[in-house]
Amino acid sequence: MLKDVVRTRSYQNVITQNNFLFKDKIVLDVGAGTGILSLFCAKAGAKHVYAIECSQMADMAKEIVKTNGFSEVITVIKGKVEEIDLPVPKVDVIISEWMGYFLLFENMLDTVLFARDKWLADDGVVLPDKASLHLTAIEDAEYKEDKIEFWNNVYGFDMSCIKKQAMMEPLVDTVDQNQIVTNCQLLKTMDISKMSSGDASFTVPFKLVAERNDFIHALVAYFNVSFTKCHKLMGFSTGPRSKSTHWKQTVLYLEDVVTICEGETLSGSMTVANNKKNPRDIDITLKYAINGNRCKVSRTQHYKMR
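All residue numbers refer to positions counted from 1 along the written sequence of the respective chain. The model is predicted, so local features are restricted to residues of pLDDT at least 70 and side-chain atom pairs to those at 80 or more, both for listing and for counting; the totals for chains, interfaces and linings are taken over all residues. Calculated side-chain values reflect all of the structure's heavy atoms, with hydrogen atoms and water omitted.

- Under the annotation held in an unreviewed UniProt entry, the protein chain carries the name Protein arginine N-methyltransferase 1 and is attributed to Aegilops tauschii subsp. strangulata.
- Its UniProt record gives the protein chain a comment under Function (unreviewed entry), which states: "Arginine methyltransferase that methylates (mono and asymmetric dimethylation) the guanidino nitrogens of arginyl residues present in target proteins."
- UniProt positions are given in the numbering used here, feature names are shortened, and annotations may be inferred rather than shown by experiment. UniProt, in the comment section headed Subcellular location (unreviewed entry), describes the protein chain in these words: "Nucleus".

Here it is in structure tokens:
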């Protein structure tokens, strides 16, 4: 993730170019990892930074902080946000890189919201403060053949029962922008400074309009992140038309091969919810339909990100 230049540079630029947000402020870094964001904040003049990390990486972060001479400014706390005590009652800034695949996979957003409700001062700032989920459709015959249809004949044996499992698992991969067949639509915007935990589960409609005659094999989801409290709007996109990130895009293969003509619409709805058995996983229900000149289809599919 440190080598993800889009991710790390974006955070670095937000912090170094907007030090008025950090100068002499108490900062909480949620899910600090190596402590890179905490180091940026300390360098920008934060009064003190509390870096919370529950994994073994917390031990490394302490060593990194010490090696770089910031032990007086950065305190690394090993533990879960929901279980630790902070030495201060309130913080001025909460910063976190909480986004997962499909924005919400692994559900670290709930941890940020918990920290916000417990420790953020009334006039405090959450960074980033906006995130949005987007959807488009692609032609992907070659990869679908390799990933899904492969199971029809495996060295002469029928293993098509595995196809159902393969179809249900969204693929995280980089999509070539030339594969995009339709417009890109905003599905959901989240205001991290105001939203509640339940807002991460939702049902939203979509209408994707074909920009050329082509086939649709999959829908593709990606997300954008914004830092609106900066001097000027900053952020980044994980979309297929933007520079690649470690999040890539999330590909949802359709059971049907949809034949679509320019100007026709693939419409439907997407339902996103935390899995009840494991809230770090995501259940996605996709309803889609087209009533076109060359294709008429209506279907509901279920996916599990795990």
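Once the structure has been displayed, the description carries forward.
**With respect to the pattern of salt bridges**
And step 1. Note on definitions: salt bridges are taken to be side-chain nitrogens of Lys or Arg within 4 Å of carboxyl oxygens of Asp or Glu. Taken as a whole and judged by the stated rule, the model has 10 salt bridges.
And step 2. Note that Arg 116 is salt-bridged to Asp 117, the shortest N-O span being 2.9 Å.
And step 3. Measuring nitrogen to oxygen at the nearest pair gives 3.1 Å for the salt bridge that ties Arg 299 to Glu 255. Remark: Glu 255 occurs in strand S12 (residues 249–260) and Arg 299 occurs in strand S15 (residues 296–305); sequence separation between them is 44 residues.
And step 4. Arg 299 gets classed as partly exposed once you look at its relative accessible area, which sits at 30%.
And step 5. Using a 1.4 Å probe on the protein chains alone, a residue whose accessible area is under 20% of its type maximum counts as buried, one over 50% counts as exposed, and one in between counts as partly exposed. Judged by relative accessible area, which is 47%, Glu 255 ranks as partly exposed.
And step 6. Connected via shared salt-bridge partners are Glu 255, Asp 256 and Arg 299. Here a helix means four or more residues in a row that DSSP labels H or I, a strand means two or more in a row labelled E, and each is numbered from the N terminus.

**Digging into the sheet that holds strand S4 (residues 91–96)**
And step 1. Spatially, S3-S2-S1-S4-S5 is the arrangement adopted by the 5 strands of the open sheet, whose pairing is parallel. The two strands at the open ends of the sheet, each matched to only one other strand, are strand S3 (74–78) and strand S5 (120–127). Along the sheet, successive strands turn relative to each other by an average axial angle of 20°, direction set aside.
And step 2. Two strands pair when backbone bridges link them, and strand S1 (residues 26–30) and S4 are joined in this way by 4 bridges, in the parallel orientation. Following the sheet pairing, Val 30 is matched in S4 by Ser 96.
And step 3. The contact criterion used is simple: two residues touch if any of their non-hydrogen atoms lie within 4.5 Å. Angles shown run from 0 to 180 degrees and are taken between the N-to-C directions of axes, each axis being a line fitted to C-alpha atoms and, for helices, limited to the stretch in contact. Together, S1, S4 and S5 form the strand contacts of helix H4 (residues 109–119), whose direction differs from that of S5 by roughly 155°. We call two strands paired when DSSP finds no fewer than two bridges between them.

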